[in-house]
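Here are the chains, one letter per residue:
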Amino acid sequence: MTAHQSLPKGFEDLQPFVDYWVRDTSDERWQQRSKASMEDIQCFYDAMLARAEDAIAYLDAFPLDRMPDDAACLFKLLLAIGQAAIAVEMHRQPRAHHSNFPHGINISQGPKFFGG
Amino acid sequence: MSAVLENEEILEGGSRENFTQMAGLDTGPVSVESYRSPELYEREREQVFGRAWLYIGRIEELPNPDSYFVKDIEVRKASVLVTRDKQGKISAFHNVCSHRGNLLALQPSGSQSRFTCAYHGWTYRNNGELIGVPDQGRFFDLDKKKLGLKSIATDIWEGFIFINFQPEPEVSLKEFLGSYGEVYAGVPLVNNHQTMVIEAKFNANWKLIADAFAEAYHVPKMHPATLAPGFAHPVKNKFARPLAGLTYGLHRSFSAYGDPEYVSPPDSHVERLACKIDTGSLLGADLSEEVLRLRAHPGVNPTKLPCWSADVTWIFPNFNIDYSPGGYWTHEFWPTSYNTTRWVLTIRMPIATTVRQRLQQEHYAARWGEVVLEDVTNCERIQKGLESGAINVMQLQDGEMLIRHSLHVLDKWMEADTVAEAMK
Ligand code: FES
Ligand SMILES: [Fe+2]
């Protein structure tokens, strides 16, 4: 869990999403999106998308493996939009049509840097 | 025997090669009994998984002298210890202590040159030799030389480690792979830099999920949002017909269609944001300079048509290596009972060097997870359908040729008393 994390200066508008969407692994981000309501996913998606290019530009200043805590927090929040997009852009609902949740599937090893 | 489509137009007109008959297979309905019968599963355990060469891991999983890993192979009720010794030799053993049968190595992987049993402390070198027995003098005629770990036949092809549970395998790995091993030798396995792994445990016969990856016929219906936009075409190929379907002795492949003109839809903002870097393909996380070398290999995309997305190659009985412009991935479809499966999908990708590339990989991981979810959930439904007894046979179209070939080869192994006979 990643409680009480703060975002870099200039990204305060995204702070309401930190508690739910900032997670350490790809698998946890998948879980979070899968159990969220479409409303919440859309709300996060819209807010994060609006700041995504700013976030990428800000984060590009740091090495991927040595980010200060506030930058890492923003990075993890940015990564969560990869999950939110599946719901918003593909299924137009939180999970694949006719799929089970919970299920016995895990991303047991995610991509390096906050993938788990 | 082989069949490939010769040009893209054939797909548009709807005419096609007949891959099934060109592979020498018949065209009738096929029994579903082996998907639901506990008795046939018991027979598969012996006749197929007890005799075939089985993929167990990649050489990169043993990066250094004294690296090891342990994997459970439920279908053989085996715990398998695979080691690399000081000389670099890779060997596999039953992970079972010769004293009273305790499991020896207890971590899934690591680095050590010797293993000490947690029960009474018998110690083995990573080449299997028993080297230490506490209070040995109290045993009766103990011959340490004969009490090494029980070894399992091991061989390597293109960095893929295979094992065989026959005490003396009737055929070598080279013979087992046959022409498959020749055609796909030397494929540049791009971006072997890091692996992403998705694992699924679910309630369906192992062949159902293997079958789901053996055809693209289901893609437009089953994966309408996750895959169909890139792997079918509303006009040119709305049923995602394959470009080629080939058999190589026990093994088989098909070339999947891909829309070369696919661009992310305008309202797929994140897909567009994440894919601003050149990744070679939609379902890929690799950089395209490396794709050219892959595409140049004669075994890969044998039609050489540009509307190609991936070659699905299925090594008998339960292993896929899939080559695509986005790198390669593998599937291990492990039965855990007649109606349960453990599936391991391992995807290779480069290590991200930029934030945007890492975001692209996250999107890629998310897409794959969702595809897996769609297929797994569907397989569980099929299992229920088949176990109901409502149907006894299934109907297979030409694009489902690989399933027909798989069942044909499995039948032979189920019947044959010797592997030589099964391979005829
Ligand atoms: S069972 Fe291994 S030392 Fe006794
Ligand atoms: Fe599928």
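Residues numbered from 1 in each chain as written. Chains lettered and ligands numbered in written order. Predicted model: local features only at pLDDT ≥ 70, side-chain atom pairs only at ≥ 80, totals over all residues. Heavy atoms only, no water.

(A) Highlighting the domain arrangement of chain B. All names here are of chain B. What the domain assignment lists for chain B is domain 1 (8-39 + 188-422) and domain 2 (54-168). Here the C-alpha centre of domain 2 lies 34 Å away from the C-alpha centre of domain 1. Across the contact, 17 residues belong to domain 1 and 13 residues belong to domain 2. The interface formed by domain 1 and domain 2 holds one salt bridge in total. One salt bridge connects R342 with E74, and the closest N-O pair in it is separated by 2.7 Å. Broken down by secondary-structure element, the contributors of at least two residues to the side of domain 1 that touches domain 2 are β16 (319-324), β17 (327-337) and β18 (340-349). Classifying every residue of the side of domain 1 that touches domain 2 gives ten nonpolar, four polar and three charged. (Domains from an automatic or database assignment. Contact = heavy atoms within 4.5 Å. Salt bridge = Lys/Arg side-chain N within 4 Å of Asp/Glu carboxyl O. Helix = DSSP H or I, 4+ residues; strand = E, 2+ residues; numbered from the N terminus. Nonpolar A, V, L, I, M, F, W, Y, C, P; charged D, E, K, R; others polar.)

(B) A look at the sheet that holds β17(B). With respect to topology, eight strands assemble into an open sheet ordered β1(A)-β12(B)-β18(B)-β17(B)-β16(B)-β15(B)-β14(B)-β13(B), the strand pairing being antiparallel. What marks the edges here is a single partner per strand, and that holds for β1 (105-109) of chain A together with β13 (244-248) of chain B. Going across the sheet, the axis of each strand differs from the next one's by a mean of 15°, ignoring polarity. Lying on the sheet, helix α10 (residues 355-387) of chain B is in contact with β1 of chain A together with β12 (194-202), β17 and β18 of chain B; it crosses β12(B) at an angle near 20°. (Pairing = 2+ DSSP bridges. Axes fitted to C-alpha atoms, helices over the stretch in contact; angles between N-to-C directions.)

(C) The arrangement of the packing of aromatic side chains in detail. Residues and elements named next belong to chain B. Within the structure shown, the criterion is met by 29 aromatic pairs over all chains. Seen in terms of ring centroids, F202 and W343 are 6.4 Å apart; in terms of plane orientation they differ by 80°. Their pairing is edge-to-face. Within this pair, whereas F202 is found in strand β12, its partner W343 is found in strand β18, the two being separated by 141 residues in sequence. Judged on exposure class, the residue F202 and its partner W343 are both buried. Through pairs of rings, three or more aromatic residues link up here, namely Y55, W157, F160, F162, Y180, Y184, Y248, F319, Y323 and Y328. When the ring centre of F160 is taken as reference, the NZ or CZ atom of R58 above it lies at 4.4 Å. Residue placement shows K71 over the ring face of F69; its charged tip is 4.7 Å from the ring centre. (Phe/Tyr/Trp six-rings, centres within 6.5 Å; stacked < 30°, edge-to-face > 60°. Buried < 20%, exposed > 50% of the residue type's maximum accessible area, 1.4 Å probe, protein only. Lys NZ or Arg CZ within 6 Å of the ring centre and 35° of its normal.)

(D) Highlighting the packing of helix α3 (residues 38-59) of chain A against helix α4 (residues 69-91) of chain A. Residue and element names in this part refer to chain A. At a minimum axis distance of 8 Å, the contact between α3 and α4 shows a crossing angle of 130°. It follows from the interaxial angle that α3 and α4 lie oblique. Judged by the sense of rotation from one axis to the other, the crossing of α3 with α4 is left-handed. When grouped by side-chain class, the residues that make up the contact of α3 with α4 number 22 nonpolar, one polar and two charged. (Parallel < 35°, antiparallel > 145°, perpendicular 65-115°, else oblique. Left-handed = near helix turned anticlockwise from the far one by under 90°.)

(E) Spatial organisation of helix α4 (residues 173-183) of chain B. All names here are of chain B. Restricting attention to buried positions, one finds in α4 the residues L173, F176, L177, Y180 and G181. Considered in projection along α4, the buried side chains sweep an arc of 105° and stay on one side of the axis. The outward face of α4, more than 90 degrees from its buried face, is lined by the exposed residues K174 and E182. (Arc of directions from axis to C-beta.)

(F) Representation of the coordination of the iron ion (ligand 2) within the structure. Residues and elements named next belong to chain B. With distances of 2.1 to 2.4 Å, the protein atoms coordinating the iron ion (ligand 2) are H218 (NE2), H223 (NE2), D375 (OD) and D375 (OD). Around the iron ion (ligand 2) sit four donor atoms; with metal-centred angles ranging over 57 to 158°, the donor geometry is irregular. All donors of the iron ion (ligand 2) belong to a single chain; written as a sequence motif, their spacing is H-x4-H-x151-D. Within this pair, whereas H223 is found in the loop between α6 (219-222) and α7 (228-231), its partner D375 is found in helix α10, the two being separated by 152 residues in sequence. Overall, the relative accessible area of 1% leaves H223 in the buried class. For D375, a relative accessible area of 3% corresponds to the buried category. (Donors = N, O, S within 2.8 Å, 3.2 Å for Na, K, Ca; no water. Tetrahedral: all angles 85-135°; square planar, octahedral: opposite > 155°, others 65-115°.)

(G) Molecular detail of the side chain of B:N126. Residue and element names in this part refer to chain B. Among the structural elements, N126 can be located in the loop between β8 (123-125) and β9 (130-132). Side-chain polar atoms of N126 contact the side chain of D66, separated by 2.8 Å. Apart from the residues lying within four places of it in its own chain, the contact partners of N126 are D66, T83, R84, D85, F93, Q112, S113, R114 and F115. (Polar contact = N/O pair within 3.5 Å; in protein donor to acceptor, adjacent residues only side chain to side chain.)

(H) Looking closely at the pattern of salt bridges. Counted by the stated rule, this structure contains 20 salt bridges over all chains. Put simply, A:D65 and A:R66 hold a salt bridge, and the shortest N to O gap is 3.9 Å. For the pair formed by A:D65 and A:R66, the shared burial category is exposed. Salt-bridge contacts for B:R358 lead to B:E362; the nearest nitrogen and oxygen are separated by 3.0 Å. Of this pair, B:R358 and B:E362 both sit in helix α10, separated by four residues, roughly a single helical turn.

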